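Chain residues, written in single-letter form:
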Amino acid sequence: MNVSRRGFLSGATVLGAGAVLGGLAGCSAPQAELKEPAEQGGEKTAAHNPVRTESFDIVVVGSGTAGTCAALRAAELGASVLCVEKNSGLCGTSAFAEGLCGINTRFQLEQGISIDKFQVVKDMMDYHHYACSGPVVRRFVEECGRVVDWVEGQGVAYAAVEALGESYQVWHLPAGEGGPTNMKAVLDVLQAKATGLGVEFRTECPMTGIVVSDGSATGIFATMGEKEIQIDAKAVVLATGGYANSPELFEKFTGRPYDAVHVWGMEGRDGDGIALASSEAAADTHIPSAVMYHTGMLDGTSAFSDIPNYVLTMQPTLRVNETGERYFNEGVTSNFSACGNVLTTQAENYVVFDDGFIDYVEQSGPFMSMPNLGAFAGQPFECREGLLSCKGIVKGDSIVDVAKGLGLDPDVLESTVERYNGFCDSGIDEDYGKPKEQLLAISKAPFYGAKITPTLFTTVGGLRVDERMRVMSTSGNPISGLYAAGGDAAGLYGANYDVDVCSGSQQGWAATSGVLAVEDALA
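Position numbers for residues start from 1 in each chain and track the written sequence from start to end. Side-chain atom pairs in this predicted model are given and counted only at pLDDT of 80 or more, local residue features only at pLDDT of at least 70, and totals for whole chains, interfaces and linings cover all residues. Processing note: side-chain calculations cover all non-hydrogen atoms of the structure and skip hydrogens and water entirely.

A. Local environment of the environment of Glu 437. Mapping Glu 437 onto the fold places it in the loop between helix H13 (410–426) and strand E19 (447–453). Taking C-alpha positions, Glu 437 is 9.0 Å from Cys 424, a pair spaced 13 residues apart along the chain. By the criteria applied, helices consist of DSSP H or I runs no shorter than four residues and strands consist of E runs no shorter than two, each listed in order from the N terminus.

Structural data, given as structure tokens:
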């Protein structure tokens, strides 16, 4: 069958698409500082005193999906490869991602799924309001299926190919025991393959600079223990995971205050590759750069998949702002990037619900699924105990009690709930057009409320690349020997993750850009 974007709307929408399962963890080296670009063609712009020099064909910085795929593919092509990782373990936040986007893969074609690539390009360009790079989008759409097939060829199995919201059916979920698993299982397979081909993975080895000679990148500086070393290479692939943990870079690329969001995932995504390429190799940047926002977190939770976050922020529950007024169609939670965006437009965000909503989820099931919790749309899901144990939830015998507990104006919140209940009775949301089946009245005591803090999983972009993943200079020319992939490479997106077009495109981009970078470098 030929599947269009809106033609594939299954009853069970799955939540996730490359999202991060855990809270903050791991160790972070000092964050990189964004400095003024070096003069193009200049030599070293920072003081480096390496105690020795090593040499490889390819040096990859970062061991997530982008870095791992780059290292393995380079080794397959006969290169000597070093992959350096600043953290104490491999994989980074990619370990918690759930799947990757591929278009017209073997796995899809075996199931009769055929997708019009031309239409995908058009839809992606439209979604990003043409703030992405056309050549980069076209290259990704053309190549991501081949790369997902290549991953499968390494010994990885897929459990299913899914879609989120109105996305094309492109999200390939890796198979584990009994069902889908996360990308850690995939990376374990790929890293074992890479090691077998001679790739050296070196942890606790942060990059401290880029070796530049006559305008070309010819290696990196890195530290091992307290000693700095120089690693010469024919090409450098930056795959340091973006800037989710860097307040300075976050605010530079998004224009939004960093203190207003909570970051899911491992620490260490400090924008090292972006900052050092800019300051030492005169690399250009791409604005806007994408943020993968999510649906928010409640106080007293520690992971996006905690039951209170899943049941209250990922389902179409009533939301109000700091004035106690409703402000959007909560049905967009299936497009979690959009939901995350709208949360950042308000000073404060709250969820309000009643005991009847808990009954509905337990008896009729949630609207959006989360397989790793055993929760599926339209199927009963026991959540009361996990939900009401959350310390961030306020309980009251009336809406006035809940308003007082949240610090909201009781009269305004009562009026908001009364108006909303009227929409539920009529089946028509006259304010924002929420679907009739999601309009559940808030009428059964006790009543509940909680504050929601905006959250993000990761960032994608920063360094401007061309369709060959070559990093571009501020003069508009590719920097010889310097490539970027995954979260460091911009151009696929505008300001948002396109979960509603190509679910899993962030991980698909990481894998595809890593492969394309080394294939070009070694051509």
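B. Region of interest: the pairing of strand E9 (residues 207–213). Burial of E9 is extensive: 5 of the 7 residues sit out of reach of the surface. Strand direction decides the pairing type here: E9 and strand E10 (residues 216–224), joined by 6 bridges, are antiparallel. Looking at the pairing, Met 207 lines up with Ala 222 of E10. Adjacent in sequence and paired antiparallel, E9 and E10 are bridged by 2 residues, among which Asp 214 carries a positive phi angle near 50 degrees. Each residue gets one of three labels from its accessible area relative to the maximum for its type: buried under 20%, exposed over 50%, partly exposed in between, using a 1.4 Å probe on protein chains only. In this description, strands pair whenever DSSP reports at least two bridges between them.

C. Focus on the pattern of salt bridges. Salt bridges are defined by distance alone: a side-chain nitrogen of Lys or Arg within 4 Å of a carboxyl oxygen of Asp or Glu. Counted by the stated rule, this structure contains 26 salt bridges. The salt bridge partner of Lys 117 is Glu 142, with a shortest N-O separation of 3.6 Å. Here Lys 117, found in helix H3 (residues 117–127), pairs with Glu 142, found in helix H4 (residues 134–153); they are 25 residues apart in sequence, far enough to count as distant. Members of the salt-bridge network, linked through shared partners, are Arg 73, Glu 76, Arg 139, Glu 143, Arg 146 and Glu 519.

D. Representation of the environment of Asp 409 within the structure. Checked against the element boundaries, Asp 409 lands in the loop between helix H12 (399–406) and H13. Between N or O atoms, a polar contact is any pair within 3.5 Å; within protein, one atom must be a potential hydrogen donor and the other a potential acceptor, and residues adjacent in sequence are included only when both atoms are from side chains. Within the local environment of Asp 409, its side chain forms a polar contact with the backbone nitrogen of Asp 411, the two atoms lying 2.9 Å apart.

E. Layout of the state of the cysteines. Here, the term disulfide refers to a pair of cysteine sulfur atoms separated by no more than 2.5 Å. For the coordinates displayed, the defined rule picks out 0 disulfides. Here Cys 132 is not disulfide-linked; the sulfur of Cys 502 is the nearest cysteine sulfur, at 11 Å. The buried category is assigned to Cys 132, whose relative accessible area is 9%. No disulfide involves Cys 502; its sulfur sits 4.4 Å from that of Cys 101, the nearest cysteine. Owing to a relative accessible area of 0%, Cys 502 belongs among the buried residues under this scheme.

F. Spatial organisation of the side chain of Asn 329. Relative to the elements of secondary structure, Asn 329 occurs in the loop between strand E15 (318–321) and helix H9 (336–343). In this structure the side chain of Asn 329 is engaged in a polar contact, spanning 2.8 Å, whose partner is the backbone nitrogen of Gly 331. By definition, residues are in contact when any of their heavy atoms lie within 4.5 Å. If we skip the residues at most four places from it in the chain, Asn 329 touches Tyr 432, Gly 433, Lys 434 and Pro 435.

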